[in-house]
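# Descriptive structure summary
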Amino acid sequence: MAEAHSAVAFSFSITHEGWDVNFDREVLHLVWASGIRSWKKRLARFKNNVRNGIFPAPLQSLWAMMGIVLALRYANNTFIRYTDIILQYLPGTSYVWQIVSCFILSLTLWLILIYIVRYTFKLMLMYKGWMYESRGGHKVSFQTKLWGLGIKLLSSKSKPLLYSYQGSLPKLPLPPVNETMKRYLKSVHPLMNDSEYESMVKLANEFEKGIAVKLQRYLWLKSWWSSNYVSDWWEEYVYLRSRTPLIVNSNFYGTDAIMLHSTSIQAARAAMIIWQCLQYRRLIERQELEPIRVQGLVPLCSWQYERIFNTTRVPGAVSDKIVHYNDSRHIVVYHAGRYFKVMIYSQNRILHPCEIEEQIQSILDNTDKPYVGEEKVAALTAADRTHWANTRTQYFFKGINRQSLDAIEKATFVVTLDEVPYEYDPENPKKLDEFGRVLMTGKGYDRWFDKSFTLCIGSNGRVGFNAEHSWADAAVMSHLWEFIIFDEAKKSGADAPVMGHLWEHFLCGDLVVGYQENGHTKGTPELEPPKPIRLQWNLEPVLEAIEKSYQIALALVNDIDLRILAFDDYGKGFMKTAKVSPDAFIQMALQLAYYRDAGKFSLTYEASMTRLYREGRTETVRPCTLESSAWVKSMLDPNVDTNKRIALLRDACATHQRGYQDAMCGKGIDRHLFCLYVVSKYLEVESPFLNKVLSEPWRLSTSQTPHGQTTQFDLRKFPNCISAGGGFGPVANDGYGVSYIIAGENLVFFHISSKKSSPHTDSNRFAVRIREALNDMKSLYDDWDRSTKKLSS
């Protein structure tokens, strides 16, 4: 084995004739190269930290300040006294020491100026008035215009690195308890009858006037002391302390750009996507990835990007932990029940796609049988977390099992070469459903659910991913996925939905990248790539534990009901003509669809981001409002005329949009209540109000898949390159999980999940309800448009 070979690369012994030294020059060269690479990365990291620390000022401004101080020193006698004060503490007063004193003074003044600029920039980023004025047709105020000009002036002098804005981002504000109570009571009003609502109002008032005062005081202290008063507790208690299986309940998936099919050769597509992931990792490591800025001005927090690669979730008996490694030189590939360690570096460079293809093809051609238990060992990562933690401690603590587990957990990411095709056929929607289901669950044992993400490659060359949720939110994986799809499309000219379209080459430096006419990657290997290393296992004592986890995972796999609806009757183009937010439009359609499906309203979850603040993750928007319920009821009442329905719909969309903006600006409901609940548990005090709030089920959990995060994103040039989005499992056993992506002007994908075991839900039925709701909304606007034109004529 390679590990054993490395262990004896250098040895010595003492004999009666003297020293006997043995060493392997090749291995020592690898050690030397690894050390050089490590120091280069440290120096680059140090340089980037300096640049980030002084941003938005460029480093060259120090020399400008030095020149000004020197000019003043020798042009103005009154300025001499400032440098003379410094000279008193230096060893001499010669010309050299005068220069040193000028440098010290200029450095001091420069640092003071940078601090003032950075603090001013931070204060300006606290302003959120632009959020409410720049959308929904509101007139932009002079104050906001002046603010925007100031932001441009402060941030345009230096090109930002990925983490340049981190020190300037404001902290997430802590809302007053009384404001959160008002928002909460308004949000639950449509879900309760009068007596239930009066009871809830009483509980809320008792809480606000009682224990909430003490809880808020402790939470204020945490918000002042920590960089974000929510994120660490959210990560710990919502994700890492959860003992439920990751499969279906936590992990999410993303699909390929289904209207393009670059190559049907599995090894070639796998090699290309692996190589592009490594290029993206390189951009993150060098901080060359452009930070996202809303409207090109306001930066979003980038701290989650650090953990995309080289990261795994390690199980614990009570709480898991996220482990991130600074570097990794290999990936792990799973195929036909076997695991292979694949080196991705050779001769101090990343392997080329054609070289990676050779490695992948050798794995596909390998006919070795899996070791006993190896095929299903990943089922341990899918099922109960405590069971996996105990099994890991007992059977994976030493020996070859520990070595193989280390190889997987320390890998850059995991790749699964599936033995089934991923298919899309507009005439057969069930193929797309199966595409999503395979990515979400696989067989229950062919995804390493603990890894930050598993790259999945179908036998026909289509790709997708399965991602663990605790380390980051879906927007970060969507950014990576968008980069991969659009970078290939942009550089290859892929702009037509032709199956079997062959990508032309594009250049990365002197490297030719792309596909040949026969579907294989372009280029000729410049070296013989390292052979994949078969991971070794001794799993006979673990078979019972593996089988127990597999049965749990299998039950979840068989219970999931997934339907992917490709709605192409209309899309964002029409929604904009309706003069409402497309997201609000779709959320209202979901409210109407759910009411028709369940015969009642339900607590609805929509995820929004809080990355306008440092270390921000998500906040909950509650789309079920008094206004939305009034509109839904009007759609079911034949006595309500079209004009009234339109007015109610616009009012509901405006309310939803305001709620979304409030959530993004730190004025949400649920994260504040969650943190108050955590404080109450630390203090060991019971709150009937918080217990009731935190136990309410989210029977309709929704999320919009973000896109357009990269500057190269242009659907006008590449209309068929957008992914079909991704999805997740239902939050409640008797509820729906709905993820949607607005894929251009005339297409929306909905990923609808539920559980077959629930008699109250059916994903196919709900897809029909969504289509009906969207078409009814279109008809409503058409009727209103006709009546308006008739009146005007």
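Residues numbered from 1 in each chain as written. Predicted model: local features only at pLDDT ≥ 70, side-chain atom pairs only at ≥ 80, totals over all residues. Heavy atoms only, no water.

The number of helices and strands found in the chain is 26 helices and 24 strands. In terms of C-alpha radius of gyration, the chain reaches 29 Å, essentially the compact-globule figure of 28 Å for 793 residues. When its C-alpha atoms are laid out on the principal axes, the chain stretches across 105 × 85 × 60 Å. Across the 793 residues that make up the chain, the buried fraction comes to 55%. For the chain, the proportion of contacts with a sequence separation of at least 24, taken over those separated by at least 6, is 77%. Accessible surface, the chain: about 35,400 Å² in total, of which carbon and sulfur atoms supply 56%. Charge separation in the chain, taken as the distance between the mean sites of 93 positive and 83 negative side-chain charges, equals 7 Å. (Helix = DSSP H or I, 4+ residues; strand = E, 2+ residues; numbered from the N terminus. Rg over C-alpha atoms; globule rule 2.2 N^0.38 Å. Buried < 20%, exposed > 50% of the residue type's maximum accessible area, 1.4 Å probe, protein only. Contact = heavy atoms within 4.5 Å. Areas by Shrake-Rupley, 256 points an atom, 1.4 Å probe, with all protein chains shown as cover. Lys, Arg positive; Asp, Glu negative; His and termini not counted. Charge placed at Lys NZ, Arg CZ, Asp CG, Glu CD.)

Bringing the pairing of strand S8 (residues 330-335) into the picture now. Most of S8 is tucked away, with 6 of its 6 residues classed as buried. Summarising the sheet, S8 and strand S9 (residues 338-343) pair through 6 bridges and their orientation is antiparallel. Across the sheet, residue His330 finds its bridge partner in S9, namely Met343. A loop of 2 residues connects S8 with S9, the two strands running antiparallel in sequence, and Ala336 in this loop sits at a positive phi of about 50 degrees. Bridge count between S8 and strand S12 (residues 414-417): 4 bridges; the pairing is parallel. (Pairing = 2+ DSSP bridges.)

Pairing is mixed in the open sheet, where 6 strands are placed in the order S18-S24-S23-S21-S19-S20. Edge positions in the sheet fall to strand S18 (560-567) and strand S20 (618-621), since each of these pairs with one other strand and no more. Looking at each pair of strands side by side, their axes are set apart by 20 degrees on average, direction ignored. Bridge count for strand S23 (residues 736-742) against strand S24 (residues 748-755) is 6 bridges, and the pairing is antiparallel. Within S24, the residue paired with Tyr740 across the bridge is Phe750. Against the sheet, helix H21 (residues 582-598) contacts strand S19 (604-609), strand S21 (700-704), S23 and S24, and its axis sits at roughly 150 degrees relative to S23. (Axes fitted to C-alpha atoms, helices over the stretch in contact; angles between N-to-C directions.)

Our next topic: the state of the cysteines. For the coordinates displayed, the defined rule picks out 0 disulfides. Cysteine Cys301 shares no disulfide, and the gap to the nearest cysteine sulfur, in Cys665, comes to 16 Å. Judged by relative accessible area, which is 4%, Cys665 ranks as buried. (Disulfide = S-S within 2.5 Å.)

Here helix H19 (residues 543-559) spans 24 Å end to end across 17 residues, near enough to the 24 Å set by a 1.5 Å rise per residue. For H19, the set of buried residues is Ala545, Ile546, Ser549, Tyr550, Ala553, Leu556, Val557 and Asp559. (Expected span 1.5 Å × (residues − 1).)

All right, on to H21 then. Taking 1.5 Å per residue as the helical rise, H21 with its 17 residues ought to reach 24 Å, and the 24 Å between its terminal C-alpha atoms agrees with that figure. For H21, the tally of buried residues reaches 14 of 17 residues, placing the bulk of the element in the interior. Positive phi appears at Gly599, one or two residues downstream of H21, with a value of about 75 degrees.

Take the pattern of salt bridges next. Evaluation of the coordinates by the stated rule reveals 37 salt bridges. The partner of Arg241 in a salt bridge is Glu236, with the nearest N and O atoms 2.9 Å apart. Salt bridges here are not isolated pairs; linked through shared partners, they connect Arg243, Arg313, Asp320, Arg385, Asp450 and Glu468. (Salt bridge = Lys/Arg side-chain N within 4 Å of Asp/Glu carboxyl O.)

Right, let's get into the nonpolar core. With 116 residues, the main nonpolar core has Tyr305, Ile308, Phe413, Phe453 and Phe689 as its most contacted residues. A total of 12 residues in this core trace back to one element, the largest contributor, which is helix H12 (residues 266-285). Excluding its chain neighbours within four sequence positions, the residues that come into contact with Tyr305 are Leu162, Tyr163, Tyr280, Ile284, Leu289, Ile292, Val476, His479 and Arg611. Ile586, Ala589, Ala593 and Tyr740 belong to the second largest nonpolar core, which has 42 residues in total. (Core = buried A, V, L, I, M, F, W, Y, C linked by side-chain atoms within 4.5 Å.)

In this fold, Arg349 is placed in strand S11 (residues 349-350). Taking C-alpha positions, Arg349 is 32 Å from Phe252, a pair spaced 97 residues apart along the chain. Residues contacting Arg349, with those up to four places away along its chain left out, are Ile344, Glu355, Glu526 and Leu527. Reaching out from Arg349, the side chain makes a polar contact with the side chain of His352 at a distance of 3.3 Å. (Polar contact = N/O pair within 3.5 Å; in protein donor to acceptor, adjacent residues only side chain to side chain.)

This part is about the packing of helix H11 (residues 231-240) against helix H24 (residues 670-682). Between H11 and H24, the least distance of the axes is 11 Å, while the angle of their chain directions is 75 degrees. In terms of orientation, H11 lies roughly perpendicular with respect to H24. Of H24, the residues touching H11 (which contributes Trp233, Trp234, Tyr237 and Val238) are Arg671, Phe674, Cys675, Val678, Val679 and Tyr682. Its residues placed into classes, the contact of H11 with H24 shows 9 nonpolar, no polar and 1 charged. (Parallel < 35°, antiparallel > 145°, perpendicular 65-115°, else oblique. Nonpolar A, V, L, I, M, F, W, Y, C, P; charged D, E, K, R; others polar.)

A residue-level look at the chain finds 91% of positions with pLDDT of 70 or above and a mean pLDDT of 89. For residues 493-507, every residue scores under 50 in pLDDT, and the model assigns this stretch 44 contacts once sequence neighbours within four places are set aside. (pLDDT = per-residue confidence, 0-100.)

To continue, consider a nonpolar patch on the surface. A surface patch of nonpolar side chains, amounting to about 710 Å² of accessible area, comprises Leu109, Ile112, Tyr115, Ile116, Tyr119, Leu123 and Met126. Along the chain, Ile116 turns up in helix H5 (residues 95-125). (Patch = residues over 30% accessible without salt bridge, like charges linked within 9 Å, V, L, I, M, F, W, Y side chains within 5 Å.)

In this structure the tally under the stated criterion is 38 aromatic pairs. Centroid distance Tyr740 to Phe750: 6.0 Å. Interplanar angle 40 degrees. Geometry classified as tilted. Separated by 10 residues along the polypeptide, Tyr740 in strand S23 and Phe750 in strand S24 bring together distant segments of the chain. Side by side, Tyr740 and Phe750 carry an identical accessibility label, which is buried. Every member of this aromatic cluster is reached through a ring pair, and the members are Tyr334, Tyr339, Trp388, Phe396, Trp448 and Trp537. (Phe/Tyr/Trp six-rings, centres within 6.5 Å; stacked < 30°, edge-to-face > 60°.)

Ordered in space as S17-S9-S8-S12-S13-S14-S3-S22, the 8 strands form an open sheet in which the pairing is mixed. Strand pairing shows two members of the sheet lacking a second neighbour, strand S17 (533-534) and strand S22 (726-727), which therefore form its edges. Sitting on the sheet, helix H13 (residues 353-365) is in contact with S8, S9 and S12, with an inclination near 160 degrees to S9. Against the sheet, helix H17 (residues 429-441) touches strand S3 (252-255), strand S13 (453-457) and strand S14 (463-467), its axis set at about 140 degrees to S3.

Bringing the pairing of S12 into the picture now. Burial along S12 is two-sided: the face carrying Val414 and Thr416 and the face carrying Val415 and Leu417 are both buried. Summarising the sheet, S12 and S13 pair through 4 bridges and their orientation is parallel. Paired with Leu417 across the bridge in S13 is Ile457. Of the crossover connections in this fold, the one passing from S12 over H17 to the parallel S13 is right-handed. (Right-handed = clockwise from strand over helix to strand, strands pointing away.)

Further remarks concern unusual backbone geometry. Across the junction of Phe55 and Pro56, the peptide omega takes the value 15 degrees, indicating a cis bond. The phi dihedral of Glu615 falls on the positive side, at around 60 degrees, and the residue is not glycine. Of note, Glu615 is situated in the loop between S19 and S20. For Glu615, a relative accessible area of 27% puts it in the partly exposed group.

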